[in-house]
Amino acid sequence: MEKGFNAFEMAQKQFDQVADKLDLEQGTREFLRWPMREYHFIIPVHMDDGSVKVFRGFRVQHSDVRGPCKGGIRFHPQETEDTVRALATWMTWKTAVVDIPLGGGKGGVICDPHELSMREQEQICRGWIRNVWRNIGPVQDIPAPDVMTSPQHMLWMMDEYETIVGGKYPGVITGKPVGSGGSLGRTEATGYGVVYTVREALTRMGLDIRETTMACQGFGNVSQYAADLFIKYGGKVVCVSCWDQSDMTSYTYRKMDGIDLEFLLGITDRFGTVNAEKAIAAGYEQLPGDAWIETEADVLMPGALENQINAETVKKLHARVKIVAEGANGPTTPEADAYLKENDIFVIPDFLCNAGGVTCSYFEQVQNNMNYYWEKDEVLSKLDTKMTSAFHAVADLADSQSIFMRDAAYMIAIDRVATAARMRGLV
Ligand code: NAD
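Computed from a predicted structure; not experimentally measured. Throughout, a residue's number is its position along its own chain's written sequence, starting from 1. With pLDDT at 70 or above as the cut-off, local features in this predicted model cover only qualifying residues; side-chain atom pairs require 80 or more to be listed or tallied, and sums for whole chains, interfaces and linings still use all residues. The side-chain quantities take in all heavy atoms of the structure and omit both hydrogens and water.

### Things to note about the site of the ligand
Proximity criterion: a residue is near a molecule or strand once any of its heavy atoms comes within 4 Å of it. Around the ligand, the surrounding shell holds 21 residues, and the nearest of these are Thr-190, Phe-219, Val-222, Trp-243 and Gly-272. By the criterion applied in these results, polar contacts are pairs of N or O atoms within 3.5 Å in which, for protein atoms, one can donate a hydrogen and the other can accept it, and in which residues neighboring in sequence qualify only through two side-chain atoms. One of the side-chain nitrogen or oxygen atoms of Thr-190 is found 2.7 Å away from an oxygen atom of the ligand. Within the side chain of Asn-329, one N or O atom sits 3.1 Å away from an oxygen atom of the ligand. Note on areas: Shrake-Rupley, 1.4 Å probe, and residue coverage restricted to the protein chains presented here. Bound to the protein, the ligand loses 73% of the 830 Å² it would expose on its own. A run of H or I in DSSP becomes a helix once it reaches four residues, and a run of E becomes a strand once it reaches two; helices and strands are each numbered from the N terminus. Put simply, the parts of the chain that give the shell around the ligand at least two residues each are helix H6 (186-204), helix H7 (221-232) and strand E7 (236-244). Looking at the shell around the ligand, the element that brings in the most residues is E7, giving 3 residues.

### What about the sheet that holds strand E11 (residues 323-325)?
On the basis of which strands lie adjacent, the open sheet formed by 7 strands has the order E9-E8-E7-E6-E10-E11-E12 and mixed pairing. Each edge of the open sheet is held by one strand with a lone partner, namely strand E9 (285-288) and strand E12 (346-348). Between one strand axis and the next, the sheet turns by 20° as a mean value, whatever way the strands run. Relative to E9, strand E8 (residues 249-254) is paired through 4 bridges, and the arrangement is antiparallel. Paired with Tyr-253 across the bridge in E9 is Gln-286. Sitting on the sheet, H6 touches strand E10 (299-302), E11 and E12, and the angle it makes with E11 is about 160°. Two strands qualify as a pair provided that DSSP identifies no fewer than 2 bridges between them. A fitted line through C-alpha atoms serves as each axis, taken over the contacting stretch for helices, and the angle formed by two N-to-C directions is quoted from 0 to 180°. We call two residues contacting when some pair of their heavy atoms lies within 4.5 Å.

### Description of the layout of surface pockets
In this structure, the second largest pocket encloses a volume near 260 Å³. Together, 16 residues line the second largest pocket, and Asp-344, Ile-345, Phe-346, Ile-403 and Met-405 are the ones closest to its centre. Mapped by element, the contributors of at least two residues to the lining of the second largest pocket are H6, helix H10 (334-342), E12 and helix H13 (376-400). Here the element with the most residues in the lining of the second largest pocket is H13; it accounts for 3 residues. For the lining of the second largest pocket, the per-class residue count stands at 11 nonpolar, 1 polar and 4 charged. Think of a 1 Å grid over the protein atoms and nothing else: a 1.4 Å probe that fits but is trapped marks a cavity, an open set flanked by protein within 12 Å on at least five of seven lines marks a pocket, and residues with an atom within 4 Å of a point count as lining. Grid points are joined across faces, edges and corners, and a volume is the space filled by probe spheres set on the points. Each residue gets one label: Ala, Val, Leu, Ile, Met, Phe, Trp, Tyr, Cys and Pro are nonpolar, Asp, Glu, Lys and Arg are charged, and the others, such as Gly, are polar.

### Observations concerning the packing of helix H4 (residues 118-132) against helix H5 (residues 151-165)
H5 packs onto H4 with a crossing angle of 45° between their chain directions and a minimal axis gap of 9 Å. What the angle tells us is that H4 and H5 run oblique. Seen from above, H4 lies across H5 with right-handed handedness. Taking contact as the criterion, the partners of Met-118, Gln-121, Glu-122, Cys-125, Arg-126, Trp-128, Ile-129 and Arg-130 in H4 are, on H5, Gln-152, His-153, Trp-156, Met-157, Asp-159, Glu-160, Tyr-161 and Ile-164. Among the residues making up the contact of H4 with H5, the classes are represented as 8 nonpolar, 3 polar and 5 charged. For classification purposes, angles smaller than 35 degrees are called roughly parallel, those larger than 145 roughly antiparallel, those between 65 and 115 roughly perpendicular, and all remaining angles oblique. Should the near helix be turned anticlockwise from the far one by less than a right angle, the crossing is termed left-handed; should it be turned clockwise, right-handed.

### Structural notes on the pattern of salt bridges
Salt bridge, as used here: a side-chain nitrogen of Lys or Arg that lies within 4 Å of a carboxyl oxygen of Asp or Glu. Enumeration according to the criterion identifies 35 salt bridges in this entry. The partner of Lys-168 in a salt bridge is Glu-162, and the shortest N-O contact between them spans 3.6 Å. Residue burial is assigned from relative accessible area. The probe radius is 1.4 Å, only protein chains are included, and a residue is buried under 20% of its type maximum, exposed over 50%, and partly exposed in between. Glu-162 gets classed as buried once you look at its relative accessible area, which sits at 8%.

### Focus on the side chain of Glu-200
When you line up the elements, Glu-200 lands in helix H6. Look at Glu-200 and you get buried, because its relative accessible area is 12%. A distance of 2.6 Å separates the side chain of Glu-200 from the side chain of His-392, its partner in a polar contact. Sequence-distant contacts of Glu-200, defined by excluding residues within four places in its chain, comprise Thr-388, Phe-391 and His-392.

### Some words on the packing of aromatic side chains
The aromatic pairing rule takes the rings of Phe, Tyr and Trp, using the six-membered ring of Trp, and pairs them if the centres are within 6.5 Å, calling planes under 30 degrees apart stacked, those over 60 edge-to-face and the rest tilted. Enumeration over the complete set of coordinates arrives at 12 aromatic pairs. Look at Phe-263 and Tyr-284: their rings are 6.1 Å apart centre to centre, the planes differ by 10°, and that puts the pair in the stacked class. A residue pair is termed long-range when its members are at least 10 positions apart, and Phe-263 in helix H8 (residues 261-266) and Tyr-284 in the loop between helix H9 (276-281) and E9 qualify at 21 residues. Look at Tyr-284 and you get buried, because its relative accessible area is 4%. Taking the centre distance of 4.6 Å and the plane angle of 40° together, the rings of Phe-351 and Tyr-410 count as tilted. Placement of Phe-351 in helix H11 (residues 350-353) and of Tyr-410 in helix H14 (residues 405-423) is noted, with a sequence separation of 59 residues between them. We note that Phe-351, like Tyr-410, is buried. Grouped by ring-pair contacts, the aromatic residues Tyr-192, Tyr-196 and Tyr-225 constitute a single cluster. Note on criteria: charge over ring means Lys NZ or Arg CZ within 6 Å of the ring centre, with the direction from the centre no more than 35 degrees off the ring normal. Between the NZ or CZ atom of Lys-255 and the centre of the ring of Tyr-284, over which it lies, the distance is 4.6 Å. Across from the ring centre of Trp-374, 4.5 Å away, lies the NZ or CZ of Lys-382, which sits over that ring.

### Describing a nonpolar patch on the surface
Nonpolar side chains collect at one region of the surface, where Ile-42, Val-52 and Val-54 lie side by side and expose about 280 Å² of accessible area between them. Take Ile-42: it is sitting in strand E1 (residues 37-46). Patches here are clusters of residues that have more than 30% relative accessible area and form no salt bridge, with a 9 Å joining cutoff for like charges and a 5 Å cutoff for nonpolar side chains (Val, Leu, Ile, Met, Phe, Trp, Tyr).

Pasting the structure below:
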């Protein structure tokens, strides 16, 4: 996070703007501006060297008026209570915009997994659960993996919960490995979800996906599966980019007549870094990291980091760009939004565009609760239905009121949560 930047203040500011547009009454505003509950605790860990180290952990439950809270647990050295609060708030809007019966939560531990052995990380996971097991659960709050936490961490947490509570509760947490309560299709879900919304946006614009091109930033989970489905639909992906740890810089790999996805995946490591030598030998242009943004393409898909399309870079967008599909969280700044609005570039906002992940996590929990597991095709077809209908609800509102897609998405999400709170008699 940038110094001086407070993510929770930004989340509250965004909320206030939409609350004004919706003319929300004062009590409802106060109720939705703040998390409903927060847990702050410490986790003592016996380290491998014999010392004891104490880690700070959090769980923030922003809202459960539409269903149990849902959101990941991050392990990060720069974690703060305000980043967790902001992320919990955004989860409330994300689950509401795709209309799944869940609320918003987020958790974290201030730690750097790079400096911890697997045994020490396991102790943190188990300690995290020992602190909050009374306050989470399949009908209260369902965590998931996030930055620097993995299916393995989720499984340790599930195991600790089941040991304490005494029973089998796979629905307490999602993002588990397939075979241990995880859902087929979760790996593809976010990238495929991005492309379901892009497909629908192109259809609304009267464009044939087979005649369109896409430029991606990143080549990790989101971008790889977005590229996969875009190509399966007949479109062309003209570039991907990645961070290269060997020389601490980022590169764009471009082929204007379309990348060969299978080949690129074969020369990419598990961190999403493309082997430069092999890519160049195969005829890919190796360009600076931000060249993806200037590339001639119909669709731009930021799928790596926040703050990439900003006041400076947005002016470099090629005149051909018609759609910005936000696979990453927070890739576009408010200044860039103003430019995109002026230039009539269609934006699919992050909390709608990349909601395929949380939607599939919801499916995982449904399967856990039934103790019956769907085939991959069934999961993906249900995901397509959810993403498509969420996309059109937002696009219809944006069209009918001539407003920006991001504003329309926020209006739908906040209105749904406010309505549920009113109907329960909370506000
Ligand atoms: P990942 O770690 O699998 O891949 C990240 C990719 O970005 C890698 O290819 C990496 O090399 C690249 N990258 C890093 N720094 C870069 C730079 N400076 N320039 C160009 N490329 C760079 O991550 P992911 O799971 O694909 O997530 C990507 C984004 O999508 C994040 O913002 C994440 O929060 C968001 N997101 C992910 C999911 C999910 O289910 N994976 C769900 C919702 C949102």
